[in-house]
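In case you want the letters, here they are:
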Amino acid sequence: MTSPIVEALKQFEATEANLTKLENLWTELQELFPDGIQLGESPEYEDRRRSFDCILTALPKIGGWKPSIAAPDWDGVVTARFDYLELGDPFETAKFEAAIWTEGKEIRECRYRLNQKRRQLIRDALVAVIDKFDADLRQIRKGLRERERHEDVDSPIWAELKKIASRSRFF
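Because the structure is a prediction, the values reported are computed rather than measured.

Draft legend 1. Quick look at the overall build of the protein chain. In terms of helices and strands, the protein chain carries 6 helices and 0 strands. Overall, the protein chain shows an N-to-C arrangement of helices and strands of α-α-α-α-α-α. Counting every position in the protein chain, which comprises 171 residues, the buried fraction comes to 23%. For the protein chain, the share of sequence-separated contacts (at least 6 apart) that also reach a separation of at least 24 residues comes to 70%. Of the roughly 12400 Å² of accessible surface on the protein chain, a fraction of 54% belongs to carbon and sulfur atoms.

Draft legend 2. Examining the nonpolar core more closely. Core analysis: the largest hydrophobic core is formed by 25 residues, its most contacted members being L19, L22, W26, Y45, F52 and W101. Of all elements in the fold, only helix 1 (4-32), helix 2 (43-58), helix 3 (74-87) and helix 5 (105-144) reach the threshold of two or more residues within this core. In terms of residues, this core owes the most to one element, helix 1, which gives 6 residues. The residues touching L22, leaving out its near neighbours within four places in the chain, are F52, I55, L56, L59 and I107.

Draft legend 3. Quick peek at the packing of helix 1 against helix 2. Across the interface, helix 1 lies against helix 2 with an axial gap of 9 Å and an inter-helix angle of 155°. Classified by the angle their axes make, helix 1 and helix 2 are roughly antiparallel. Seen from above, helix 1 lies across helix 2 with left-handed handedness. Mapping the contact onto sequence places N18, K21, L22, L25, W26, E28, L29 and L32 in helix 1 and E44, Y45, R48, R49, S51, F52, I55 and L56 in helix 2. Its residues assigned to classes, the contact of helix 1 with helix 2 comprises 9 nonpolar, 2 polar and 5 charged.

Draft legend 4. Broad picture of the packing of aromatic side chains. Per the counting criterion, the structure on display carries 7 aromatic pairs. Plain terms: the ring middles of W26 and W101 are 5.1 Å apart, the flat faces sit at 85° to each other, and that makes the pair edge-to-face. Of this pair, W26 sits in helix 1 while W101 sits in the loop between helix 4 (90-99) and helix 5, and the two are 75 residues apart along the sequence. Judged on exposure class, the residue W26 and its partner W101 are both buried. In this structure an aromatic cluster arises from ring pairing among W26, F33, Y45, F52, W74 and W101.

Draft legend 5. Highlighting the pattern of salt bridges. Per the stated rule, a full pass over the model turns up 12 salt bridges. Of the charged contacts, one joins R48 and E44 as a salt bridge, the two residues approaching to 3.7 Å between their closest N and O atoms. Of this pair, R48 and E44 both sit in helix 2, 4 residues apart, which is roughly one turn of that helix. We classify R48 as partly exposed; its relative accessible area is 25%. A single network of salt bridges, built from pairs that share partners, joins E16, E23, R111 and R118.

What counts as what
- Residues numbered from 1 in each chain as written.
- Predicted model: local features only at pLDDT ≥ 70, side-chain atom pairs only at ≥ 80, totals over all residues.
- Heavy atoms only, no water.
- Helix = DSSP H or I, 4+ residues; strand = E, 2+ residues; numbered from the N terminus.
- Buried < 20%, exposed > 50% of the residue type's maximum accessible area, 1.4 Å probe, protein only.
- Contact = heavy atoms within 4.5 Å.
- Areas by Shrake-Rupley, 256 points an atom, 1.4 Å probe, with all protein chains shown as cover.
- Core = buried A, V, L, I, M, F, W, Y, C linked by side-chain atoms within 4.5 Å.
- Axes fitted to C-alpha atoms, helices over the stretch in contact; angles between N-to-C directions.
- Parallel < 35°, antiparallel > 145°, perpendicular 65-115°, else oblique.
- Left-handed = near helix turned anticlockwise from the far one by under 90°.
- Nonpolar A, V, L, I, M, F, W, Y, C, P; charged D, E, K, R; others polar.
- Phe/Tyr/Trp six-rings, centres within 6.5 Å; stacked < 30°, edge-to-face > 60°.
- Salt bridge = Lys/Arg side-chain N within 4 Å of Asp/Glu carboxyl O.

Next up, the structure:
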């Protein structure tokens, strides 16, 4: 039987692997996307976009949130670029171009939230272990009362604490 923390860490690892795939696909999509007006299709871009959508769908919510983004629509961007070219307004064109990939910040937000949740899980688990250790030590102290210094402590709690300490790299 695996501990709940080990199971949770496995879920974190799986989520992190998918998030890394998502980050890599986002980068690949950016590299495949044309800078100017390019008519036609890009099967490679379409495949990467489908893969991106599948992985994003499988990504679990973190703290009740997950990215709700999509890779830019090739034809939609081409049409918009034609429109901005026709308007001849460089400032609006620059704003549009800058906005094409801004949704990528949601992937970075997801990475941040995943790291925060992992730290919280580990911190909570450590606090629980420390609290139990402290409670066990207090229990042992109550049972010691009057004893000579050279006498061994005979307590099942003490034996358990010694076993835990011997498995730890910190003691």
